[in-house]
Amino acid sequence: MIGEVAIKSESNMLGYWGNDKATSDCMNDEGWFKSGDMGKFDGPFLHIVDRIKDMVIRGGENIACLEVEAAITEHPSVLEASVFGIPDERLGEKLATVVSCREDQMIDEVELSGFLASKLAKFKIPEYTWFQAEELPKVAAGKIAKKQMREDAIEELGLD
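Computed from a predicted model, the values in this text were never measured in an experiment.

Section: the pairing of strand β4 (residues 55-58)
Judged from the four bridges that link them, β4 and strand β5 (residues 61-64) form a sheet pairing that is antiparallel. Counted as the bridge partner of Ile57 is Asn62 from β5. Between β4 and β5, which follow one another and run antiparallel, lie two residues, and Gly59 among them has a positive phi close to 55 degrees.

Structure below.
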């Protein structure tokens, strides 16, 4: 079972100085610090699997972007992928992805959706997909610029 990782120890912070809102956002009433990470136990080991903020809520279903990205990158033509939510009036959010394909191995939405059908539930297959030959854009720290791609997708779809 996957859940939010919470920590309580002698060395936990007591809260943010002069900022009750920030403290209540990250601490519960019993002093547990809510990390914002999603994790699961495998015996004595805790595996961090995603970030809460990297979750898409589609029609009441929580979809971990990391799970969908992992399935997409199993395709031999895919170099990397970024999955994010696009606002939707009826469902709250719909899944979208930008996929970087390996050199001379471009695929299309039909091929990718067919590939994912055996790996993911239907509601986890992205409804919007953009393919590119270049690597995905990165921020200065080297992480994929997911926020920028999401903003670009929303603008391209005319949802801004």
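Still more ground to cover, so stick around.
A look at a negative patch on the surface
Together, Glu151, Asp152, Glu155, Glu156 and Asp160 make up a region of like negative charge exposed at the surface. In this fold, Asp152 is placed in helix α4 (residues 146-156). The class of Asp152 is partly exposed, set by a relative accessible area of 39%.

Some words on helix α2 (residues 65-72)
Turning to α2, its buried residues number three or more, namely Cys65, Val68, Glu69, Ala71 and Ile72. On an axial view of α2, the arc spanned by its buried residues comes to 160 degrees, and they lie on one face.

Looking at the nonpolar core
By size, the foremost hydrophobic cluster in this structure holds 17 residues, and its most contacted members are Val68, Ile72, Val99 and Leu116. Sorting the residues of this core by element identifies α2, β6 (78-88), β7 (92-101) and α3 (109-117) as the ones contributing at least two each. Sorting elements by how many residues they give to this core places α2 first, with four residues. Not counting residues within four places of it along the chain, the set of residues in contact with Ile72 comprises Val78, Ala81, Val83, Thr97, Val99, Leu112, Phe115, Leu116 and Pro126.

A look at the sheet that holds β7
Spatial ordering of the open sheet is given by β6-β7-β8, a layout of three strands whose pairing is mixed. Each edge of the sheet is formed by a strand with only one pairing partner; in this case those strands are β6 and β8 (128-132). Each adjacent strand pair in this sheet contributes to an overall mean axis angle of 20 degrees, direction not counted. Across the face of the sheet, α2 comes into contact with β6 and β7 while running at roughly 140 degrees to β6.

A word on the pattern of salt bridges
Tallied over the full model, the rule gives ten salt bridges. For Lys146, the salt bridge identified is with Asp54, shortest N-O distance 3.0 Å. Within this pair, whereas Lys146 is found in helix α4, its partner Asp54 is found in the loop between β3 (45-51) and β4, the two being separated by 92 residues in sequence. Its salt-bridge partner being Lys138, residue Glu135 comes within 3.6 Å of it at the nearest N-O pair. Take Glu135: its relative accessible area is 54%, and that puts it in the exposed class.

Topic: the packing of aromatic side chains
Enumeration over the complete set of coordinates arrives at one aromatic pair. Ring centres 6.4 Å apart and planes at 20 degrees place the aromatic pair Tyr128 and Trp130 in the stacked group. Among the residues examined, Trp130 registers a relative accessible area of 19% and is labelled buried.

Rules of the game
Residues numbered from 1 in each chain as written. Predicted model: local features only at pLDDT ≥ 70, side-chain atom pairs only at ≥ 80, totals over all residues. Heavy atoms only, no water. Pairing = 2+ DSSP bridges. Helix = DSSP H or I, 4+ residues; strand = E, 2+ residues; numbered from the N terminus. Patch = residues over 30% accessible without salt bridge, like charges linked within 9 Å, V, L, I, M, F, W, Y side chains within 5 Å. Areas by Shrake-Rupley, 256 points an atom, 1.4 Å probe, with all protein chains shown as cover. Salt bridge = Lys/Arg side-chain N within 4 Å of Asp/Glu carboxyl O. Lys, Arg positive; Asp, Glu negative; His and termini not counted. Charge placed at Lys NZ, Arg CZ, Asp CG, Glu CD. Buried < 20%, exposed > 50% of the residue type's maximum accessible area, 1.4 Å probe, protein only. Arc of directions from axis to C-beta. Core = buried A, V, L, I, M, F, W, Y, C linked by side-chain atoms within 4.5 Å. Contact = heavy atoms within 4.5 Å. Axes fitted to C-alpha atoms, helices over the stretch in contact; angles between N-to-C directions. Phe/Tyr/Trp six-rings, centres within 6.5 Å; stacked < 30°, edge-to-face > 60°.

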